[in-house]
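What follows is the residue order along each chain.
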Amino acid sequence: SKQRGRHGYTLFNQELRRDQADQLALEAELRHALTNDYELVPYYQAIVDSQTGRLAGFETLVRWHHPQRGMIPPSVFMPMAEESGLILKLDRYMIERACAQLAAWYAEGQLSNEVCLHINLSSTHFHDRTLLDWLLPLLRQYGLPAGTLHLEVTESALIDVPDLAISVMKQLKEEGVCLALDDFGTGYSALSYLHRFQFDVLKIDQSFVREVHCQEESAAIVRAILALAAALGLEVVAEGVETPAQVQALRELGCTRLQGYYFARPVPAASLEWERLNGIVP
Ligand code: C2E
Ligand code: CA
Ligand code: CA
Ligand code: CA
């Protein structure tokens, strides 16, 4: 453990400075990564229909293949990307890559129209209307079927600028974009927001899924979320499903969409196993 007192303080300052220098270096490197098309790679994780076991969609998750540092997970660079504002460029890059990929899959006859693509969107996008200026032309450019794109936002997106967020989201919905509320149950959970923001999908956080098969409280929470969603006409996706027991419990509770390592890990497009995905038997 660290020495306290004068030396401890000096040590702490040195560490802090090094951390800050690290963060600045990482920020410059992310800025650079955004100018090429090989460092930041969209990975795709299957979302599965719990009854048929068939592919229902994908969630796109960014991976940074850093030329010197190796693979850097989002947990390491997302905070810096948010703080520096680079997240705006990163999300746009990911959405452009994913839409191009989706269009290619359709062209290859790989996908049916019911398969949707989930993309994470930082709350930063709701501080102005810029998102609409590039996203709507992009959707038209690729001519993707309405409703295939699901934007995943967390509740924090809605708290800072609720009125602006409502109007941006309303316009997205008019263009056929679907909205998913990510990590449901872990934030402020102002239930009135569900109604005001016109979500299409709720994503149940892994923290409720982990013990859904063995702990009555978790099962009760999932049951309540499913009842709420049914009453509001929302689709539900359970995240972080890892075991057959969880699959069984979620299916019995009536959750229609499942996502997690049990079915598939996030992988680059070239590594998707289409035969298996189209015939997954849970
Ligand atoms: P999230 O949106 O809640 O994504 C789910 C996370 O759970 C992902 O972590 C995924 O790889 C992981 N996961 C999926 N199935 C399982 C499972 O069965 N067990 C466990 N333990 N984990 C599972 P990942 O890829 O590290 O991403 C972390 C977070 O970073 C995401 O959480 C999301 O908030 C953010 N993120 C990732 N890509 C993007 C992006 O392109 N844009 C934005 N704005 N945020 C992103
Ligand atoms: Ca997500
Ligand atoms: Ca989530
Ligand atoms: Ca999360």
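Rules and cut-offs
Residues numbered from 1 in each chain as written. Chains lettered and ligands numbered in written order. Predicted model: local features only at pLDDT ≥ 70, side-chain atom pairs only at ≥ 80, totals over all residues. Heavy atoms only, no water. Donors = N, O, S within 2.8 Å, 3.2 Å for Na, K, Ca; no water. Helix = DSSP H or I, 4+ residues; strand = E, 2+ residues; numbered from the N terminus. Core = buried A, V, L, I, M, F, W, Y, C linked by side-chain atoms within 4.5 Å. Buried < 20%, exposed > 50% of the residue type's maximum accessible area, 1.4 Å probe, protein only. Contact = heavy atoms within 4.5 Å. 1 Å grid on protein atoms, 1.4 Å probe; cavity = no way out; pocket = protein on both sides within 12 Å on 5 of 7 lines; lining within 4 Å. Points joined across faces, edges and corners; volume = space filled by probe spheres on them. Salt bridge = Lys/Arg side-chain N within 4 Å of Asp/Glu carboxyl O. Axes fitted to C-alpha atoms, helices over the stretch in contact; angles between N-to-C directions. Parallel < 35°, antiparallel > 145°, perpendicular 65-115°, else oblique. Near = heavy atom within 4 Å. Polar contact = N/O pair within 3.5 Å; in protein donor to acceptor, adjacent residues only side chain to side chain. Areas by Shrake-Rupley, 256 points an atom, 1.4 Å probe, with all protein chains shown as cover. Expected span 1.5 Å × (residues − 1). Arc of directions from axis to C-beta.

Per an unreviewed UniProt entry, the recorded name for the protein is EAL domain-containing protein, and the organism is Vogesella oryzagri.

Further remarks concern the coordination of the calcium ion (ligand 4). In ideal tetrahedral geometry, four donors around a metal make angles of 109.5 degrees, whereas ideal octahedral geometry with six donors gives angles of 90 or 180 degrees. Here the calcium ion (ligand 4) is held by the protein donor atoms Asp 183 (OD) and Asp 183 (OD), which lie 2.9 Å from it. Between the two metals, the calcium ion (ligand 4) and the calcium ion (ligand 3), the spacing is 3.7 Å, and Asp 183 donates to both. With respect to the element layout, Asp 183 can be found in strand 6 (residues 178-184).

The subject of this paragraph is the nonpolar core. Core analysis: the largest hydrophobic core is formed by 67 residues, its most contacted members being Phe 58, Leu 135, Leu 151, Leu 172 and Phe 199. In contact with Leu 135, not counting residues within four places along its chain, are Ile 95, Leu 149, Leu 151 and Leu 172. Val 62, Ile 72, Met 80 and Tyr 93 belong to the second-largest nonpolar core, a separate cluster that totals 16 residues.

With that out of the way, let us pick up the layout of surface pockets. Size it by volume and the largest pocket reaches roughly 1000 Å³. Around the largest pocket, the lining is made up of 37 residues, and of these Glu 59, Leu 61, Pro 74, Asn 120 and Asp 182 lie nearest the centre. Looking at the lining of the largest pocket, the elements with two or more residues in it are strand 1 (40-49), strand 2 (55-66), helix 2 (74-84), helix 3 (86-107), strand 4 (116-120), strand 5 (149-153) and strand 6. When residues in the lining of the largest pocket are grouped by element, the largest group, five residues, is from strand 2.

The calcium ion (ligand 3) binds to the protein through Asp 182 (OD), Asp 183 (OD), Glu 239 (OE) and Glu 239 (OE); the donor distances cover 2.2 to 2.6 Å. Written as a sequence motif, the donor arrangement for the calcium ion (ligand 3) is D-D-x55-E. Between the calcium ion (ligand 3) and the calcium ion (ligand 2), a separation of 4.0 Å is found, and both are coordinated by Asp 182. Here Asp 183 is found in strand 6, whereas its partner Glu 239 is found in the loop between strand 8 (235-238) and helix 10 (244-253), with 56 residues between them in sequence. Judged by its relative accessible area of 13%, Glu 239 falls in the buried class.

Turning next to the pattern of salt bridges. Summed over all chains, the structure comprises 12 salt bridges. As a salt-bridge pair, Glu 59 and Lys 203 come within 2.8 Å of each other at their nearest N and O atoms. Placement of Glu 59 in strand 2 and of Lys 203 in strand 7 (residues 201-204) is noted, with a sequence separation of 144 residues between them. Across the pair, exposure class does not vary: Glu 59 and Lys 203 are buried alike.

Glancing now at the environment of Ile 87. Along the polypeptide, Ile 87 turns up in helix 3. Taking the relative accessible area as the measure of exposure, Ile 87 reaches 1% and is therefore buried. Non-local contacts of Ile 87, meaning those with residues more than four positions away in its chain, are made with Met 78, Ala 81, Glu 82, Ser 122, Thr 124 and His 125.

Here the focus is the packing of helix 4 (residues 130-142) against helix 6 (residues 162-174). The angle between the axes and the distance between the axes are what describe a pair of packed helices. It is the contact of helix 4 with helix 6, at a shortest axis distance of 10 Å, that shows an interaxial angle of 10 degrees. It follows from the interaxial angle that helix 4 and helix 6 lie roughly parallel. For the pair helix 4 and helix 6, the contacting residues are Leu 131, Leu 132, Leu 135 and Leu 136 in the first and Val 168, Gln 171 and Leu 172 in the second.

Right, let's get into the site of ligand 1. As a structural note, the neighbourhood of ligand 1 is formed by 22 residues, with Gln 45, Arg 63, Asp 91, Glu 242 and Tyr 261 the closest of them. Within the contact set of ligand 1, an oxygen atom lies 3.2 Å away from a side-chain nitrogen or oxygen of Glu 59. In the model, an oxygen atom of ligand 1 is placed 2.8 Å from a nitrogen or oxygen of the Arg 63 side chain. Protein burial of ligand 1: of its 800 Å² of free accessible surface, 78% is covered by the chains.

Attention now moves to helix 9 (residues 216-232). Note that an α-helix has 3.6 residues per turn; residues three or four places apart therefore point the same way. The terminal C-alpha atoms of helix 9, which comprises 17 residues, lie 24 Å apart, in line with the 24 Å expected from a rise of 1.5 Å per residue. Taken together, the buried positions of helix 9 are occupied by Ser 218, Ala 219, Val 222, Ile 225, Leu 226 and Ala 229. All buried residues of helix 9 fall inside an arc of 125 degrees around its axis, so they share one side. With respect to the buried face of helix 9, the exposed residues turned more than 90 degrees away are Glu 216, Glu 217 and Ala 231. Taken together, the buried residues of helix 9 touch strand 6, strand 7, helix 8 (206-209), strand 8 and helix 10. One or two steps after helix 9, the chain reaches Gly 233, where phi turns positive at roughly 70 degrees.

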